[in-house]
Amino acid sequence: MRIRDYGISLGVALYIFLTLNGLAYTVAQRSLLPRRAVRFFYGMLAPYQSYGTNNVELVAEGKTKDGSWETIDLLPYFPGSTGERTFRELLLSRRAQGETATAQGYAGLAEQIRIKEMDRGRSYSEVRLHIDTWPMAPDGYEVLRLPVFTKAIDPVSLE
Amino acid sequence: MRKLLHASRQFFLEPIAPHSLAVMRIALGGTLVILWLRYLPHVDMYFSHQGLALPYIDPMPGSLSMLLTHPPLSVAYALYGLLLIGILGMLLGYGYRAASLLTIVLLVYLGLLSFHNFLASWGRLLFFTTVILGMSGADKTYSLRMYFKNGSWTAWEKVDAWPQRILAIQIAMTYFGVGLQKTFLPDWQSGEILAYAFVNGWSTPLAHTIAQWNMPMWVYDGMTIGVKILHGALPITLWMPRYQKYAFAAGAAFHIGVTVVMGMWWFLLLVPLYAAFVNPQRFVKPGNSRPLHGTGKA
């Protein structure tokens, strides 16, 4: 074999090793390598593992001069489909780093929203965030988003 | 042992016709074009300082992380335009290696800048396929490269087998891993997970309409079992020429179903990627094929 062939063989062997580790993690949540090393390969084997029974949506409120709280329209900041918007609003990669990183992420997000809103002529002394959650329904995504069914939960703990 | 080594060397290192890889390249390029054109109206919000900056690493002065500072809108448009140029180069097979490298670098950059919160399994598969195909010589047929070089876009040159084999293994392993998970995961032990797939944030209007038919739970239970059987069978049947057409049809039906119910059309890319399981010689017209060494015209 030529040196190039040895290189390719080594690369193929490494790929197979990483994929088998990803598979082991998929099945037993264990692998020979640390999770960080196999996360990408595990991720290619692991779509759609669980489900929820409630819809979730991030809600921002700004404190006005008179001390009341006003809901801020977040749609312009999170364009795209509802599914993609939800993924982004949950700050999934921060969430994977733990509660502290998630809390810092939401604190930074609230401050950025305050500044962007000020640029658009809407001044708030403070912005707070929560997540609205309401039951899914066959009749449509927002159908049961009514006060009686909707709960505000903490975006970090999701409780 | 020696026989096994010889077989594996032949499997990964033999020179093969590039047609399967070219089909995958065109499918990948087309998918990436459609996927990224969706973001054209939102470049300002996702990639410039006009939107919310949520980079993977917070920029710290004096470090490389400063590259993840959201740029001015004009720079964001320039980078987005470069990405489209790279993807088009891949699709058309023109300046393929440079186009792939440009695409990969920009996908990493935009991923760290904004898309890390949306990095799901399909995103990883898409990126992995881009990297492997970028190294494969998938532009050695059905490409502008071959048109300019040989006067025919169907002219072809041999390529190494390993990129095609790796992509085939990856697709099979993805189905295998998903099938294993669905067998053991508590949430996949009844049809409830699929019933809720028709009414969640991803669900299409058609899915909501179907949900309103109020089908009994055994229908969803049956669908769940069907999905498990399919994911168990595909990693084997995709490799078997005798059953391939049925495996392709079943896989296509499944991904069309996912598109219709959840709007996740990008998984449809896996269907043309099944070309990885096809002997590339089958793409070459019978009687007009050339030996696998040297340049030929299909």
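What counts, and where the lines are drawn
Residues numbered from 1 in each chain as written. Chains lettered and ligands numbered in written order. Predicted model: local features only at pLDDT ≥ 70, side-chain atom pairs only at ≥ 80, totals over all residues. Heavy atoms only, no water. Helix = DSSP H or I, 4+ residues; strand = E, 2+ residues; numbered from the N terminus. Contact = heavy atoms within 4.5 Å. Areas by Shrake-Rupley, 256 points an atom, 1.4 Å probe, with all protein chains shown as cover. Lys, Arg positive; Asp, Glu negative; His and termini not counted. Charge placed at Lys NZ, Arg CZ, Asp CG, Glu CD. Buried area = accessible area lost by both parts, 1.4 Å probe. Salt bridge = Lys/Arg side-chain N within 4 Å of Asp/Glu carboxyl O. Polar contact = N/O pair within 3.5 Å; in protein donor to acceptor, adjacent residues only side chain to side chain. Nonpolar A, V, L, I, M, F, W, Y, C, P; charged D, E, K, R; others polar. Domains from an automatic or database assignment. Buried < 20%, exposed > 50% of the residue type's maximum accessible area, 1.4 Å probe, protein only. Pairing = 2+ DSSP bridges.

A short note on the overall build of chain A
Looking only at helices and strands, chain A has five helices and four strands in total. For chain A, the N- to C-terminal ordering of α and β elements is α-α-β-β-α-α-α-β-β. Taken over the C-alpha atoms alone, chain A extends approximately 75 × 40 × 25 Å along its principal axes. Within chain A, contacts between residues separated by at least 24 positions form 48% of all contacts whose residues are at least 6 apart in sequence. As displayed, chain A offers around 8600 Å² of accessible surface, 57% of which is attributable to carbon and sulfur atoms. Each charge sign in chain A was given a centre, from 19 positive and 18 negative side chains, and these centres are 10 Å apart.

Looking at the interface of chain A and chain B
For interface size, the figure often reported is the accessible area lost on association. Each partner contributes residues to the interface: chain A has 56 residues there, and chain B has 56 residues. The junction of chain A with chain B conceals about 5100 Å² of combined surface from both sides, 63% of it contributed by carbon and sulfur atoms. In this structure, the connection of chain A to chain B is made through three salt bridges. Salt-bridge contacts for arginine 38 of chain B lead to glutamate 84 of chain A; the nearest nitrogen and oxygen are separated by 3.8 Å. One can count 18 residue pairs in polar contact (both at pLDDT 80 or more) joining chain A with chain B. Where the side of chain A that touches chain B is concerned, the elements lending two or more residues are α1 (3–28), α2 (35–43), α3 (82–89), α4 (92–96) and α5 (99–119) of chain A. Looking at the side of chain A that touches chain B element by element, the count peaks at 12 residues for α1 of chain A. For the side of chain A that touches chain B, the class distribution of residues is 30 nonpolar, 17 polar and nine charged.

Re the domain arrangement of chain A
When its domains are assigned, chain A resolves into domain 1 (3–43) and domain 2 (54–153). The C-alpha centroid of domain 2 of chain A is placed 38 Å from the C-alpha centroid of domain 1 of chain A.

What about unusual backbone geometry?
Residues and elements named next belong to chain A. In this structure, tyrosine 48 is a non-glycine residue whose phi angle is positive, near 55°. Residue placement: tyrosine 48 occurs in the loop between α2 and β1 (54–63). The class of tyrosine 48 is partly exposed, set by a relative accessible area of 27%. In this structure, leucine 158 takes a positive phi of about 60° despite not being glycine. Mapped onto the elements, leucine 158 comes out in the segment after β4 (151–153).

Comments concerning the pairing of β1 of chain A
Residues and elements named next belong to chain A. Burial runs high along β1: seven of the 10 residues are buried. As defined by bridge partners, β1 adjoins strand β2 (residues 69–72) across four bridges and the pair is classed as antiparallel. Opposite lysine 63, over in β2, you have tryptophan 69 as the bridge partner. In sequence, β1 turns back onto β2 through a hairpin of five residues, with glycine 67 there showing a positive phi of about 90°.

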